[in-house]
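# Observations on the three-dimensional arrangement
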Amino acid sequence: MAVLKVKFTKTKRDKLAQILWILNWVSVVSGIILFSLGLFLKIEIKKRNEVMAKGDINSVPNMLISVGVIACIINFLGGKICYDCSDANKFSRWKLVMLPYIVCTFCFTFCILVGALMCYTMRNELEESLYLGLRDAMKFYKDTDIPGRCFLKKTVDMLQIGFQCCGNNGFRDWFEIQWVSPRYLNMASKEVLDRLKSNVDGKFLVDGVPFSCCNPSSPRPCIQYQLTNNSAHYNYDFLTEELNIWVKGCREALLDYYTAIMRSIGITALLIWLFELSVLIGVRYLQTAMKNVLLLGDLEGESDGWLLENSFVETAKYNISIIKNLGKANQISTVSGMNDPNIDVQSTNCGKTNVTTKSIPAAS
């Protein structure tokens, strides 16, 4: 029994073909939107790839870009097919193409759904990438004289100023690394030497942060050093001075920024997926209705259209049987009576059936 069978008159078939022609052109625009969103996300990630570890974070924008390009091609072809389907004579040349086209379009719409869901599952990979990337960027913050790393100080400073954040998880991360370049340390100072000797790794560690962590909205001049020493500053309590420096870590700030972008992209992709699915259903109805009207032979009469010719269970069983038989095409049948031609090859008699063997003359 056909699934969701609908009866179409000639007028309804023509209107459906015209509507689908318009919707396919709208779908081309949706493909351009998907491509643009993927390109935008890729550029946004590339802007801050210096503070991101290498990983699979580009899989989502690459997926959206690919799906967007495919959408433009498939929907352009779909528009041409639907336009010709308003004429039964023109439909005959697309008759064999329609079903493969619908199958390919179904796979393509599924890819859109996958791309939309990937926008919501990318957070964990992005968080790990940001954690490792920011850790390394802060580690090399002081290396302003080393080629390949000299740009990291500016990158981190602009990041902390722009996103109003400090450190990886928070401002205390700067206490655990040497972020002051050795060229700016006075090695003749006893205080500097004592700090270097007090650390096992010989690093100059201070309870201070770079200037880019300072909050310009602070009512007092920014306190960068001895942040946890209340006695070092007048009328100061580091537990209550939240306005002095940025409290939020840069990993959290960047993660919130990219999550908001991906959430918006994911919602847009889901809406496009629903739209493409509705267009695909319409194309399927048009294909079956036009196919049946040709079988009936009355081009002006009514015809049935459906999503599936048989029930879901029967269709699934039929497709599974096709898949199972795919691997049997090249196998040699072992049915009784069908022997392997290379086994038990019987000799043929050339000429006489009874041939006497000449005796070998005995030695004299």
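Above this text you will find the structure in question.
In this report, the structure presented in the accompanying data block is examined.

Quick notes on the rules
Residues numbered from 1 in each chain as written. Predicted model: local features only at pLDDT ≥ 70, side-chain atom pairs only at ≥ 80, totals over all residues. Heavy atoms only, no water. Helix = DSSP H or I, 4+ residues; strand = E, 2+ residues; numbered from the N terminus. Buried < 20%, exposed > 50% of the residue type's maximum accessible area, 1.4 Å probe, protein only. Contact = heavy atoms within 4.5 Å. Disulfide = S-S within 2.5 Å.

### A look at the overall build of the protein chain
A tally of helices and strands in the protein chain yields 9 helices and 2 strands. Put simply, the protein chain runs from its N terminus to its C terminus through helices and strands in the order β-α-α-α-α-α-α-α-α-β-α. Across the 364 residues of the protein chain, 38% fall into the buried class. In the protein chain, the proportion of contacts linking residues at least 24 apart, taken out of those at least 6 apart, comes to 73%.

### Considering the state of the cysteines
Scanning the model with the defined rule gives 3 disulfides in all. Here C165 engages in a disulfide with C250; their sulfurs sit 2.1 Å apart. Sign of the S-S torsion, about 90 degrees for the bond between C165 and C250, identifies this disulfide as right-handed. On the criterion of sequence distance, the pair formed by C165 in the loop between α6 (152-163) and α7 (190-198) and C250 in helix α8 (residues 250-296) is long-range, its members being 85 residues apart. Looking at C165, the relative accessible area reads 0%, which means it is buried. Relative accessible area serves as the criterion here: at 1%, C250 is assigned to the buried category. Paired by a disulfide, C166 and C213 hold their sulfur atoms 2.1 Å apart. On the S-S bond that ties C166 to C213, the torsion sits near 85 degrees, and the link is right-handed. Taken together, the residues C166 in the loop between α6 and α7 and C213 in the loop between α7 and α8 connect sequence positions 47 residues apart. One exposure class covers both C166 and C213, and it is buried.

### Digging into the environment of N292
Positionally, N292 belongs in helix α8. Its relative accessible area of 12% is what places N292 among the buried residues. Considered as a pair, N292 and E302 are 10 residues apart in the sequence and their alpha carbons are 9.1 Å apart. Look past the residues within four positions of N292 in its chain and what remains in contact with it is S303, D304 and W306.

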